[in-house]
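# Results of the structural survey
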Amino acid sequence: MHTEAVRSFVRAAELGQLQHAADELGVTQQAVSKRIATLERELDVRLFTRTARGVELTLDGQAFLPYARNIITGVDRAITAIRPGSRALRIDVLGLRSAQAVVLHDYWRSHPETDLDVVTLKVNDPRVAVTAVQAGDIDASFRSVTDPATLPRDVQMIHAFDSPLELLVGPRHPLAPARTLTPSQLRQHRIWVPGIAPRSEWAEFYDQLATDFDLRIDAAGPNFGNEVLLDILADSADVATLVGSRDRYIWPTNYDLRRIPIVNPTLAYPLSLIFPRANPHPGLRAIINHFGSLAPLPETAWLPSWATTPRRSEAEFGAVPGEVGCCAARGRMEFAGQQHQ
């Protein structure tokens, strides 16, 4: 079965006119007609009936259409899999105001020639992002699989960078005057983090954080988004939340919200990058190298037990097969002085 004949059928079915399909495919209407006629002979069915407005699918054509779309999608993915540099580098981030998006934007500002497509998969389970990488829907994803042993062999995960946490509070909160805070000073204060989804990496992160430092972290109530969260913080005298130091938040000046760094130890969220082990998009190399230019964590920092260990060889795709992206779970207290040697 000729794939261009199948492609012509799909576009004619979607556009309803052979001429429109021909214009989009860059061929003549006669060529599209011949392709579809050949396809009908191979299948021994009629796929279209002609009308005054163009063409309409027969019952057989309606039955064949979803499978034809799958054929074309598979062919396109196969082509891009062996020619990844011929299209934009598509990277999944957790949110367009997240630290990952901010770092990518900083990189793009220095390299505006980079053909970059930043997307946000609306999923909480990192395994879904892994599947999207495998399928070729995206080239890389800023997600962490907390048990790297479960990663498919054709996908690798490396350390990207770490995001120090800050406490975000309104002006009436008792901790608002502080310039820095230690984790022990956060005890007994309600830290509200709406949107902690089951099976997500951040659910495991906050579980470990609350356990290690005896913190009161909850996700009670629905998540109405950052704007509502900021509204509540501005009016509250007892609610705080945690944000990443590189996360971008915007609020009215009259809210007078305070971002307070947490130190001794610095609490940090580890960010990983997942991408194909074989033939990754060539544009990834420069971005991974860019991570090395980011400021390191202080000597005393806390990371969860599943944080991946950064290695210099990570800038080389597959330079250490079977080793890059391994988990450095040496206990729940991880110190930056050990991790960045």
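Coordinates for the structure precede this section.
Summary of the structure given here. If you're wondering where the values come from, they're calculated on a predicted model, not measured in any experiment. What you see as residue numbers is a count from 1 along each chain, following the sequence as written. Local features in this predicted model are restricted to residues whose pLDDT is 70 or higher, and side-chain atom pairs enter the listing and the counts only when it is 80 or higher, whereas totals over whole chains, interfaces and linings include all residues. Where side-chain values are given, they derive from all heavy atoms of the structure, hydrogens and water being excluded.

Turning next to a nonpolar patch on the surface. A cluster of nonpolar side chains, F224, V228 and I232, forms an exposed patch at the surface whose accessible area comes to about 260 Å². We count a stretch as a helix when DSSP gives it H or I for four or more residues in a row; a strand needs E for two or more, and each element gets its number in order from the N terminus. Position of I232 relative to the elements: it lies in helix α8 (residues 226-235). Like-charged residues within 9 Å of one another, or nonpolar side chains (Val, Leu, Ile, Met, Phe, Trp, Tyr) within 5 Å, are grouped into patches, provided each residue has over 30% relative accessible area and no salt bridge. Only the protein chains shown count as covering a residue, and every accessible area follows the Shrake-Rupley method with a 1.4 Å probe. A pair is scored as a salt bridge if a Lys or Arg side-chain nitrogen falls within 4 Å of a carboxyl oxygen belonging to Asp or Glu.

So, about the pairing of strand β2 (residues 54-57). Two strands are said to pair when DSSP picks up at least two bridges between them. The pairing of strand β1 (residues 48-51) with β2 spans 4 bridges and is classified as antiparallel. The residue bridging F48 from the neighbouring strand is L57, located in β2. The antiparallel pairing of β1 with β2 creates a hairpin that spans 2 residues between the two strands.

This part takes up unusual backbone geometry. At the junction of N264 and P265, the peptide bond is cis and its omega measures out at 0° in the coordinates. As for its placement among the helices and strands, P265 is situated in the loop between β10 (258-261) and β11 (266-276). Here D44, not a glycine, exhibits a phi torsion of approximately 60°, which is positive. With respect to the helices, strands and loops of the structure, D44 is situated in the loop between α3 (29-43) and β1. A positive phi angle is found at N264, which is not glycine, with a value near 50°. With a 1.4 Å probe rolled over the protein chains alone, any residue whose accessible area is under 20% of its type maximum counts as buried; one over 50% counts as exposed, and the rest are partly exposed. Among the residues examined, N264 registers a relative accessible area of 60% and is labelled exposed.

To continue, consider the pattern of salt bridges. Enumeration according to the criterion identifies 12 salt bridges in this entry. A salt bridge links R69 to E14, with the shortest nitrogen-to-oxygen separation between them at 3.0 Å. Of the two residues, R69 is situated in helix α4 (residues 59-82) and E14 in helix α1 (residues 3-15); the sequence distance between them amounts to 55 residues. A salt bridge links D125 to R127; the shortest N-O distance between them is 2.9 Å. For R127, a relative accessible area of 44% translates into the label partly exposed. Where salt bridges share partners, they join R11, E14, E24 and R69 into one cluster.

Grouped together as the largest cluster of nonpolar side chains are 47 residues, with contacts concentrated most on L209, L273 and F291. Residue assignment for this core shows that the elements contributing at least two residues are β3 (89-92), α5 (99-110), β6 (155-169), α7 (201-213), β9 (239-244), β11 and α9 (284-291). Not counting residues up to four positions away in its chain, the partners in contact with L273 are A140, S141, F142, R143, Q156, M157, I158, A160, L284, I288 and F291. Throughout this description, the term nonpolar core refers to a set of buried Ala, Val, Leu, Ile, Met, Phe, Trp, Tyr and Cys residues connected via side-chain atoms within 4.5 Å. F9, L18, A68 and I72 belong to the second-largest nonpolar core, a separate cluster that totals 18 residues. Two residues form a contact once any of their heavy atoms are found within 4.5 Å.

For the rest of this paragraph, the subject is the environment of A178. Along the chain, A178 turns up in the loop between β6 and β7 (190-192). The class of A178 is partly exposed, set by a relative accessible area of 27%. Each C-alpha atom, one on A178 and one on P261, is 9.3 Å from the other, the two residues being 83 residues apart in sequence.

This part covers the packing of aromatic side chains. Think of it this way: a Phe, Tyr or Trp ring, Trp meaning its six-membered ring, pairs with another when their centres are within 6.5 Å, and the plane angle makes it stacked under 30 degrees, edge-to-face over 60, tilted otherwise. Within this structure, the stated rule accounts for 10 aromatic pairs. Ring geometry for F9 versus F64: centroids 5.3 Å apart, planes at 45°, classification tilted. Pair noted here: F9 is in helix α1 and F64 is in helix α4, with a separation of 55 residues, a long-range link. Taken as a pair, F9 and F64 share a single burial class, namely buried. Taking the centre distance of 5.9 Å and the plane angle of 65° together, the rings of F142 and F291 count as edge-to-face. Here F142 is found in the loop between β5 (140-141) and β6, whereas its partner F291 is found in helix α9, with 149 residues between them in sequence.

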